[in-house]
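Secondary and tertiary structure notes
Residues per chain, in single letters:
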Amino acid sequence: MLDRLQHQASAVSWTAGPATMTATDNVDGDKARRFGDAALPHLDDVFTLARYLMRNAADAEDAVQECYLRALRHFDSYRGPTSALPQPFRETIVLREINALSYREIADIVGAPVGTVMSRLARARAMLRTAWNAEDGS
């Protein structure tokens, strides 16, 4: 999948719904390079999560492509990794949702009680939901 998306990124001719997005029309070369540097290293993890959530590889590929297209379109408003979740919350949610670890396994890794892990997950999900809803309302 990474090879295919990188090939698409170099060819830059994606179809997103009824509109076609091309490098010459909507994405300058520097923006595409910066986006690739920031986003492509996470592609495998994104696909793994999408496949887990969608339970179908083809649907997961479509969802990841749409996700990356949306991210590329809005990349200029990206404020950097420190604006996502604070580190303890980000670490906990990645270990749970992407790596599918149990609360006990996460607690052992981060050196915190299971109750703290559960609290961090609830707060991280709430922060993500708030950020998502704020973005949709904009």
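Residues numbered from 1 in each chain as written. Predicted model: local features only at pLDDT ≥ 70, side-chain atom pairs only at ≥ 80, totals over all residues. Heavy atoms only, no water.

On to the packing of helix α6 (residues 87–98) against helix α7 (residues 103–110). Here α6 crosses α7 at 140 degrees, and the two axes come no closer than 10 Å. Put simply, α6 runs oblique to α7. The two elements α6 and α7 meet at a crossing, and its hand is right-handed. Judged by residue contacts, E91, T92, L95 and R96 of α6 engage Y103, I106, I109 and V110 from α7. (Axes fitted to C-alpha atoms, helices over the stretch in contact; angles between N-to-C directions. Helix = DSSP H or I, 4+ residues; strand = E, 2+ residues; numbered from the N terminus. Parallel < 35°, antiparallel > 145°, perpendicular 65-115°, else oblique. Left-handed = near helix turned anticlockwise from the far one by under 90°. Contact = heavy atoms within 4.5 Å.)

F35, A39, L40, L43, F47, A50, A60, V64, Y68, L72 and F75 together form the largest nonpolar core, which totals 11 residues. For this core, the elements supplying multiple residues, two or more each, are α3 (29–39), α4 (43–54) and α5 (57–73). Here this core takes 4 residues from α5, the largest share from any one element. For A50, the contacting residues outside a window of four places in its chain are R55, A60 and V64. Ranked by size, the runner-up nonpolar core spans 10 residues in total, among them L95, L101, L121 and A124. (Core = buried A, V, L, I, M, F, W, Y, C linked by side-chain atoms within 4.5 Å. Buried < 20%, exposed > 50% of the residue type's maximum accessible area, 1.4 Å probe, protein only.)

All right, on to the environment of V46 then. Topologically, V46 is positioned in helix α4. Classification of V46 by relative accessible area gives partly exposed; the value is 26%. As for V46 and A60, which are separated by 14 residues in sequence, their C-alpha atoms are 9.2 Å apart. Apart from the residues lying within four places of it in its own chain, the contact partners of V46 are V64 and Y68.

Purely spatial values, then, with no claim about function.
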